[in-house]
Amino acid sequence: MNSAVPADERRRRLRQRHAAERRFRLAGAAAVLISAGFLLFLLATMVSGGLRGFTRTQIALPVDFAAAGLPLDPGQLEGREGAASLAGAGFEGLTDHAAIAAFGPHGARLLSDAAWISVRNAVRRDPSLLARRAVIQVPAASGIDIAFKGRGTPEAEAEVASLARRSAISSHFNAALFSAADSTDAAAVGVWGALKGSLLTMAVTLGLAFPVGVLAALYLEEYAPRNRWTDLIEVSINNLAAVPSIIFGLLGLALFLNTLGLPRSAPLVGGLTLALMTMPVIVIAGRNAIKGVPPSIRDAALAVGASPVQVVFHHVLPLALPGILTGTIIGMARALGETAPLLMIGMRAFVAAPPDRLTDPATALPVQIFLWSDEVNRGFVEKTSAAILVLLFVLLAMNGLAVYLRNRLETRW
Amino acid sequence: MTLPNRSKIEAKGVSVFYGDNQAIRDVSLNIDQDRVTAFIGPSGCGKSTFLRTLNRMNDTIAGARVEGEIRLDGDDIYASGMDVVELRARVGMVFQKPNPFPKSIYENVAYGARIHGLARSREALDAVVEQALTRAGLWNEVKDRLKDSGTALSGGQQQRLCIARAIAVDPEVILMDEPCSALDPIATARIEELIHELRGRYAIAIVTHNMQQAARVSQVTAFFHMGQLVEHGDTAQLFTSPREERTKDYITGRYG
Ligand SMILES: Nc1ncnc2c1ncn2[C@@H]1O[C@H](COP(=O)(O)OP(=O)(O)O)[C@@H](O)[C@H]1O
Ligand SMILES: [Mg+2]
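In this text, all values refer to a predicted model and were calculated from it rather than measured experimentally.

### Comments concerning the overall build of chain A
Each helix and strand counted, chain A has 16 helices and three strands in total. Its C-alpha atoms give chain A principal-axis dimensions of about 105 × 70 × 40 Å. Scored against the burial criterion, the 413 residues of chain A give a buried share of 44%. Relative to all contacts within chain A whose residues are 6 or more apart in sequence, the contacts with residues 24 or more apart total 75%. Split by element, the accessible area of chain A, about 21,300 Å² in all, is 64% carbon and sulfur. Taking the average place of the 37 positive charges on the side chains of chain A and the average place of its 29 negative ones, the gap between the two points comes to 12 Å.

This is the structure we're talking about:
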């Protein structure tokens, strides 16, 4: 056909085309490798730094309870009164004295500030201790902890060596990480307070953003007339999804704290603020999922006499649900990792107790990570990495759930 | 054939507009209770549009407007007192492409009966489903797998399932919009057979672009062209001795 083009010319073009394709493939592979490399680097640093945060160093502290003569009745340590008498019994002094007696004049500095809590808990578990001497495992001070994990100062290393000679130092799983909240002592901090704050915040976000987002999506797709107003609303929602999150924080500050007078630092306010941010994401995902339901299904339902509401709730919504849920979980995952808006509404306060109610002061995981990364004390470095690992794990679990739900609920036509 | 020509639906001076575009021009036509009425005509002439006015499915299209008068058993279906949901329960519809719900076969058939409260107990509902599937000629094929998805059936079975779904609501009229256009010849023959069996129990109007099919299944044929009803009457007569030139051109294949 195209005999005007000589054969060798055609071959040359073919070679060029193949070379171009090869170059393009290589560039693509390189791009994938680079991003995979960054991801691996991130994971490797987090895991190598963070895993150390999951263990903690303990010191075997001999305590002579009998000699100390604490003002406690071994038979009455239960309940509210027991707690009160334990609180007033002076365990802090006892622990300091025991440390000095066991490890010399600097002994008290080897222990975490929270060491006395371990002593107190040991007594609560076993009141018979009060009548004798016992060896209690207490958390080491942050500096000792770091030195035992191999990165301490020379002085701390020396202390660790002398403790090790007496077999008084050992490494354990750091259960406190999952039961404690923030603390001034790096050895005693835990992520549970921040995690619980995040969970409460997410509950509020989901409870508000999901129903409102889904109803808005349903209304816009199924009921709203197509006119300039709905076009305007559509554009606004799309823009809202692209607004930087700190702006939502300012909005939350102005609206919920200043105007409505809700408590600062509360998961309630954090959840409401993040809901503002998540709603547009759910609306957009919801509309796309609803658009994806074939019109023939609506026709089929209408033709057997289903009312428009029945069409929506019996057919459209169930079929759109996998898409809506996927969008919701992705929006929630984004909200979970959000820091800036929470800083604006005061969820950056130092909170030493996990929140129990939606109005208790609380912080959230990403904010906690931000706060710890800002600490001067070196003991916080590994805790920061550990908290990041916990956050990444929760995010991974959420994304996994999204994939599972999509595969599970998806209808095959 | 001397069946009583009792009219189930009477359309008088019906025009349909999509925005400014007029798709149906002043059509007057009756659908008989006991005779199958076929709508034929070239693609885009308004057959589907006219059919959809009969159960007000055009209401769902933004910008669609219907003028004129359509009476079902003498009641104006576009009157303000007419409930669309009830109308569609009385006038069922089967679509061009089989569109079963992505639910079980049982649920597909039971759905209409359930939302209209036609069955008070589980047993009554089972009976409705069995009767509808039997009338649609599908019972023997699916009775052992009622829990399977309706979308897993073959195309012809899906279309009969859709017919069963319409029947389960106990309608008076069944409208079919090219019900066989997506089916192979054998499945088509089964549906045509089914239409014969359903005739008399339900008033039936069927759109088809296939003239042989119109000749096989209908007793009355209406020929549409460019939104107008050119001619209608006894099927045999219309195909053998059409009154209008345009009808003759169409049935002799001059355009289509
Ligand atoms: N939903 C719609 N919106 C606008 N115009 C339509 C719509 N449906 C059909 N029409 C127009 O109405 C005319 C008749 O269409 P239709 O009734 O589908 O024809 P047929 O079923 O005979 O092929 C065509 O010109 C078509 O373009
Ligand atoms: Mg059509």
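The discussion continues.
### Some remarks on the UniProt feature "domain: ABC transporter" (unreviewed entry) in chain B
If you check UniProt for "domain: ABC transporter" (unreviewed entry), the listed places come out as residues 9-251 of chain B in our numbering. Between the C-alpha atoms that bound residues 9-251 of chain B there is a distance of 26 Å. The span itself is 37% helix and 26% strand.

### Overview of the site of ligand 1
Residues and elements named next belong to chain B. Residues in contact with ligand 1, as listed here, are Tyr-18, Ala-23, Ser-43, Gly-44, Cys-45, Gly-46, Lys-47, Ser-48, Thr-49 and Ile-61. Cys-45 places a main-chain nitrogen or oxygen 3.3 Å from an oxygen atom of ligand 1. In the model, an oxygen atom of ligand 1 is placed 2.4 Å from a nitrogen or oxygen of the Thr-49 side chain. Look at ligand 1: alone it shows 560 Å² of surface, and the protein chains cover 60% of it. It is helix α1 (residues 47-53) that contributes the most residues to the shell around ligand 1, three residues altogether. Across the shell around ligand 1, the residue classes break down as four nonpolar, five polar and one charged.

### Quick notes on the interface of chain A and chain B
Chain A puts 18 residues into the contact, and the matching count from chain B is 22 residues. Here chain A packs against chain B, burying approximately 1,500 Å² in sum over the two surfaces, 66% of which is carbon and sulfur. Taken together, chain A and chain B are joined by zero salt bridges. Our enumeration of links across chain A and chain B arrives at five residue pairs in polar contact (both at pLDDT 80 or more). For the side of chain A that touches chain B, the secondary-structure elements that each account for two or more residues are α12 (295-303) and α13 (308-336) of chain A. Top contributing element to the side of chain A that touches chain B by residue count: α12 of chain A, with seven residues.

### Overview of the confidence of the model for chain B
Residue and element names in this part refer to chain B. Of the residues in chain B, 97% reach a pLDDT of 70 or more, and the chain-wide mean stands at 93. When mean pLDDT is compared element by element in chain B, strand β8 (residues 203-207) scores highest at 97, while helix α10 (residues 245-251) scores lowest at 91. Across the predicted assembly, pTM comes out at 0.82 and ipTM at 0.93.

### Looking at the pattern of salt bridges
Two side chains bearing opposite charge may form a pair once their charged atoms approach each other closely. All names here are of chain B. By the definition in use, this model includes 26 salt bridges over all chains. Its salt-bridge partner being Arg-114, residue Glu-107 comes within 2.7 Å of it at the nearest N-O pair. Residue Glu-107 is classed as partly exposed on the basis of its relative accessible area of 23%. Judged by its relative accessible area of 39%, Arg-114 is partly exposed.

### Some thoughts on the domain arrangement of chain A
All names here are of chain A. For chain A, the domain assignment lists domain 1 (54-173) and domain 2 (192-409). On a C-alpha basis, the centroid separation for the pair domain 1 and domain 2 is 44 Å. Each side of the interface is counted separately: domain 1 has six residues, and domain 2 has seven residues. A per-residue breakdown of the area domain 1 buries against domain 2 is headed by Phe-54, Ser-142 and Ile-146, which together make up 63% of the total. Linking domain 1 with domain 2 are one salt bridge, by the criterion used here. For Glu-382, the salt bridge is made with Lys-149, and the minimal N-O distance between the two is 2.7 Å. There are two residue pairs in polar contact (both at pLDDT 80 or more) connecting domain 1 and domain 2. Among the residues making up the side of domain 1 that touches domain 2, the classes are represented as two nonpolar, one polar and three charged.

### Notes on the environment of Ser-28 of chain B
Residues and elements named next belong to chain B. In this structure, Ser-28 sits in strand β2 (residues 21-32). Residue class for Ser-28 comes out partly exposed when judged on its relative accessible area of 36%. Once the C-alpha coordinates of Ser-28 and Gly-68 are considered, the two residues, 40 residues apart in sequence, prove to be 9.0 Å apart. Residue contacts for Ser-28: discarding those within four places in its chain leaves Ala-11, Lys-12, Gly-13, Leu-229 and His-232. Side-chain polar atoms of Ser-28 contact the backbone nitrogen of Gly-13, separated by 2.9 Å.

Thresholds applied
Residues numbered from 1 in each chain as written. Chains lettered and ligands numbered in written order. Predicted model: local features only at pLDDT ≥ 70, side-chain atom pairs only at ≥ 80, totals over all residues. Heavy atoms only, no water. Helix = DSSP H or I, 4+ residues; strand = E, 2+ residues; numbered from the N terminus. Buried < 20%, exposed > 50% of the residue type's maximum accessible area, 1.4 Å probe, protein only. Contact = heavy atoms within 4.5 Å. Areas by Shrake-Rupley, 256 points an atom, 1.4 Å probe, with all protein chains shown as cover. Lys, Arg positive; Asp, Glu negative; His and termini not counted. Charge placed at Lys NZ, Arg CZ, Asp CG, Glu CD. UniProt positions renumbered as here; feature names shortened; annotations may be inferred. Near = heavy atom within 4 Å. Polar contact = N/O pair within 3.5 Å; in protein donor to acceptor, adjacent residues only side chain to side chain. Nonpolar A, V, L, I, M, F, W, Y, C, P; charged D, E, K, R; others polar. Buried area = accessible area lost by both parts, 1.4 Å probe. Salt bridge = Lys/Arg side-chain N within 4 Å of Asp/Glu carboxyl O. pLDDT = per-residue confidence, 0-100. Domains from an automatic or database assignment.

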